[in-house]
Amino acid sequence: MSKIINIIKISKKIAYLQNFKALNKDSGLIFNSLNKILNDFIGHKLFTILKFDKINSKLERIYTSNPKEYPLQDKKDVIRNFWQVQVLEKGIVYIGYNSQDIKNSFSDFDLIEKLGCSSVLIIPVKSGDNIKGSVNLLHEESWYSDYDVKIAQSLVSVISEAL
């Protein structure tokens, strides 16, 4: 019964986000709304959105829930580590379950762990076959599961035009 209730709640939030996006062209407000909705349904300690420049192989952080530690920034090079290949080239969600996965995925793993994060859920933002970026949720160890993927994908799909 609770899964049915969650599906109904998620469907309502998707409709809300779609309507909000249609009425508001400010991508920051749209991203902020997505941040809150994903935190309510899945949870996170850190939430970021990266825009992907495929031609120049660059990533740009365009939204963050923690501007002090993870400010908006200029573009940085894509490293082609496992998550970046999986998410940015193949368009497949990546889940890192523990601190070893974080260390293998991020050069700034010390800061990530300092924030109490040792798992990650990275969802590609796509428009058709075009991968436009990623939404990144980080939390404590083993926080994310396959159950979270469908929820995140359905909500993230709404924001692709805003990237």
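Quick note: structure is the one above.
Parameters and conventions
Numbering of residues starts from 1 in each chain and follows the order in which that chain's sequence is written. At least 70 in pLDDT is required for a residue's local features to be given in this predicted model, at least 80 for side-chain atom pairs to be given and counted, and no such filter applies to totals for whole chains, interfaces and linings, which use all residues. Excluding hydrogens and water, the side-chain values take into account all heavy atoms of the structure. Runs of H or I in DSSP of at least four residues are treated as helices and runs of E of at least two as strands, each being numbered from the N terminus. A simple rule labels every residue: compare its accessible area, found with a 1.4 Å probe on the protein chains alone, to the largest value its type can have, and call it buried under 20%, exposed over 50%, or partly exposed in between. Pairing between strands is defined by DSSP: at least two bridges between the two strands are required. Salt-bridge detection follows one rule: a side-chain nitrogen of Lys or Arg within 4 Å of a carboxyl oxygen of Asp or Glu. What we call a nonpolar core is a set of buried Ala, Val, Leu, Ile, Met, Phe, Trp, Tyr and Cys residues that are connected through their side-chain atoms within 4.5 Å. Residues are treated as being in contact if the distance between any of their heavy atoms lies within 4.5 Å. Angles shown run from 0 to 180 degrees and are taken between the N-to-C directions of axes, each axis being a line fitted to C-alpha atoms and, for helices, limited to the stretch in contact.

S.K.: With reference to specific residues and values, describe the environment of glutamine 18.
M.R.: Relative to the helices and strands, glutamine 18 resides in helix α1 (residues 2–23). For the pair glutamine 18 and valine 158, spaced 140 residues apart in the sequence, the C-alpha separation amounts to 6.3 Å.

S.K.: So, the pairing of strand β5 (residues 119–127): which residues are in play, and what are the values?
M.R.: Of all nine residues in β5, seven are buried, a share of seventy percent or more. Taken together, the three bridges between strand β4 (residues 94–96) and β5 define a ladder with antiparallel strand orientation. Of the residues in β5, the one forming a bridge with isoleucine 95 is leucine 121. Relative to strand β6 (residues 130–139), β5 runs antiparallel, the two sharing nine bridges. Directly across from serine 119, in β6, lies its bridge partner histidine 139. If you look at the hairpin formed by β5 and β6, you'll find two residues sitting between the two strands, and glycine 128 has a positive phi there, around 65°.

S.K.: Report on the pattern of salt bridges, specifying residues and quantitative values.
M.R.: In total, this model carries four salt bridges according to the counting rule given. Lysine 75 serves as the salt-bridge partner of aspartate 53, at 3.3 Å between the closest nitrogen and oxygen. Remark: lysine 75 occurs in the loop between β2 (58–64) and β3 (76–77) and aspartate 53 occurs in strand β1 (residues 46–53); sequence separation between them is 22 residues. As a salt-bridge pair, glutamate 89 and arginine 80 come within 2.1 Å of each other at their nearest N and O atoms.

S.K.: Go over the nonpolar core, please, and point to the residues and values.
M.R.: Formed by 28 residues in total, the largest nonpolar core has its most connected members in Leu34, Leu38, Leu121, Val135 and Ile159. When near neighbours in sequence (up to four residues on either side) are disregarded, leucine 121 contacts Ile42, Val93, Tyr94, Ile95, Val135, Asn136, Leu137, Tyr144, Asp148, Val149 and Ala152.

S.K.: Run through the sheet that holds β5, naming residues and quoting values.
M.R.: Strand order in the open sheet formed by six strands is β3-β2-β1-β6-β5-β4, with antiparallel pairing between adjacent strands. Among the strands making up the open sheet, the edge pair consists of β3 and β4. Sheet topology places β2 next to β3; two bridges connect them, and they run antiparallel. When the bridges of β3 are listed, lysine 58 appears paired with aspartate 77. The strands touched by helix α6 (residues 146–156) are β4, β5 and β6; relative to β5, the strand with the most contacts, the crossing angle is about 35°.

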